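In case you want the letters, here they are:
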Amino acid sequence: MTDFFHIPVLSKELISGLNIISDGNYLDATLGGGGHTKLILDSFPDVTLTAIDRDLMAIASTKEKLLEYGDRVNFCHGNFADFTPLNNELFDGIIADLGVSSPQIDTPERGFSFQQEAELDMRMDGTQKLTAAEIINHWEERKLADIFYHYGEERLSRKIARKIVEERPFKTTTELQKAIAICYPPKHRYGRINPATRVFQALRIAVNQELESLEKFVIKAPNLLKEGGIIAIISFHSLEDRIVKHKFKEHPDLKVLTKKPIIASIEEIKLNPRSRSAKLRLAQKIENN
């Protein structure tokens, strides 16, 4: 079993902002390696928590690590956008740490990374049918260009889409990476950022319907909060952060607590470079007269 060891980002800022209370009931919408879940449970001995994840491997691995908390934790498999609590349960706080987790990136066979050869997969939920291979090998050129441009902010989206259609089928991450690199001038193929980075991000977002799910979740989540409860969301790129920012601001039952997102300290970035792009936003459920 893959060990879902994952260093939680902005932990101190998130726990402080959540203002955890004794006997509180919380929702971790993205369990992952359970780092944030454990910090919430450790705040008070009577805190309870529901943990959701799309990845069965994450749930299985993290459930073992959290055995000491017994029935204080309830695990749910699924997309957070589709979550419905039992008996109309409400929460004192909700957290979501978005994006792909370190174990998913670092496990080659999951197909999230082009650093090692693997089948084109990228599914967070291994039970779903849509994979990166299906998108790359069967979607029409225009649709590919659109997702590369909108989800990856890739300026060569049309050229890359055309190249992919000409050369497909692709079976592996490395085959795709090479085809993308050829679309760039030689001097840009070996820079600090690999030319395939933006396309792989776009593919991952499309495979997992990340932005649609996030938008649905942020609209729905305030209805799951008790009055005074706090929602905290950590995003990792501008597309996610934009949705969180605007949906928090637009929701009539939320008071925004972070005019600007909280970002990682220099010390945290040194310890965990993946925290560099993390942004935390907080909002509180208010009485809407």
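For clarity, every value in this text was computed on a predicted model and none was experimentally measured.

> What's the story with the packing of aromatic side chains in this structure? I'm lost.
The geometry of an aromatic ring pair is captured by two quantities: the separation of the ring centres and the angle between the planes. Going through the model one piece at a time under the given rule, you end up with two aromatic pairs. A centroid spacing of 4.4 Å and a plane angle of 10 degrees characterise the contact between F80 and F217, whose relative ring orientation is stacked. Of this pair, F80 sits in the loop between β3 (73-77) and β4 (91-97) while F217 sits in helix α10 (residues 210-220), and the two are 137 residues apart along the sequence. Residue F80 is classed as buried on the basis of its relative accessible area of 11%. Here F83 and F91 contribute two aromatic rings whose centre-to-centre distance is 6.4 Å and whose plane-to-plane angle is 45 degrees, an arrangement assigned as tilted. In terms of burial, F83 and F91 fall into one category: buried. For K143, the ring lying beneath its charged end belongs to W139, and the centroid distance is 4.1 Å.

> What is the right way to look at the pattern of salt bridges in this model?
As a working rule, side chains carrying opposite charge can pair if their charged atoms are close by. Enumeration over the complete set of coordinates arrives at ten salt bridges. A salt bridge links D42 to K38; its shortest N-O distance comes to 3.1 Å. Of the two residues, D42 and K38 are both situated in helix α2 (residues 35-43); the distance of four residues between them amounts to about one turn of the helix. Note on D42: relative accessible area 44%, which makes it partly exposed. The partner of K163 in a salt bridge is E167, and the shortest N-O contact between them spans 2.7 Å. With K163 and E167 both in helix α7 (residues 157-167) and four residues apart, the pair spans about one turn of that helix.

> Which parts of the structure should I look at to understand the environment of A206?
Along the chain, A206 falls in helix α9 (residues 197-208). Between the alpha carbons of A206 and F248 there is a distance of 23 Å; along the sequence they are 42 residues apart. Each residue touching A206, except ones within four places of it in the same chain, is listed here: L130, I135, I147 and Y151.

> Quick question: what am I supposed to make of the packing of α7 against helix α8 (residues 173-182) here?
Two quantities define a packed helix pair, namely the angle between the helix axes and the distance between the axes. Packing of α7 against α8 brings their axes to within 9 Å, and their N-to-C directions diverge by 130 degrees. Relative to α8, the element α7 lies oblique. The element α7 and its partner α8 pack so that their crossing is right-handed. Contacts from I160, K163, I164 and E167 of α7 reach α8 at L176, A179, I180 and I182. Its residues assigned to classes, the contact of α7 with α8 comprises six nonpolar, no polar and two charged.

> Help me understand the packing of helix α6 (residues 141-152) against α7 in this model?
Running from N to C, α6 and α7 point in directions that differ by 135 degrees, and their axes come no closer than 8 Å. Compared by their axis directions, α6 and α7 come out oblique. Handedness of the α6/α7 crossing: right-handed. Of the residues in α7, those in contact with E141, L144, A145, F148 and Y149 of α6 are S157, R158, I160, A161, R162, I164 and V165. Its residues assigned to classes, the contact of α6 with α7 shows eight nonpolar, one polar and three charged.

> Explain the pairing of strand β2 (residues 48-53) here, please?
Two faces, one strand: in a regular strand the side chains alternate between the faces of the sheet. For β2, a buried count of five out of six residues is recorded, marking the element as mostly surrounded by other parts of the structure. Pairing geometry for strand β1 (residues 25-28) and β2, over four bridges, is parallel. Residue L27 lies in a different strand from β2, and its bridge partner there is T50. Of the crossover connections in this fold, the one passing from β1 over α2 to the parallel β2 is right-handed. Summarising the sheet, β2 and β3 pair through five bridges and their orientation is parallel.

> Looking at this model, I keep getting lost on the environment of S277. Mind explaining?
Tracing the chain through its elements places S277 in the loop between α12 (266-271) and β8 (279-285). Assessed through its relative accessible area of 37%, S277 is described here as partly exposed.

Conventions we followed
Residues numbered from 1 in each chain as written. Predicted model: local features only at pLDDT ≥ 70, side-chain atom pairs only at ≥ 80, totals over all residues. Heavy atoms only, no water. Phe/Tyr/Trp six-rings, centres within 6.5 Å; stacked < 30°, edge-to-face > 60°. Helix = DSSP H or I, 4+ residues; strand = E, 2+ residues; numbered from the N terminus. Buried < 20%, exposed > 50% of the residue type's maximum accessible area, 1.4 Å probe, protein only. Lys NZ or Arg CZ within 6 Å of the ring centre and 35° of its normal. Salt bridge = Lys/Arg side-chain N within 4 Å of Asp/Glu carboxyl O. Contact = heavy atoms within 4.5 Å. Axes fitted to C-alpha atoms, helices over the stretch in contact; angles between N-to-C directions. Parallel < 35°, antiparallel > 145°, perpendicular 65-115°, else oblique. Left-handed = near helix turned anticlockwise from the far one by under 90°. Nonpolar A, V, L, I, M, F, W, Y, C, P; charged D, E, K, R; others polar. Pairing = 2+ DSSP bridges. Right-handed = clockwise from strand over helix to strand, strands pointing away.

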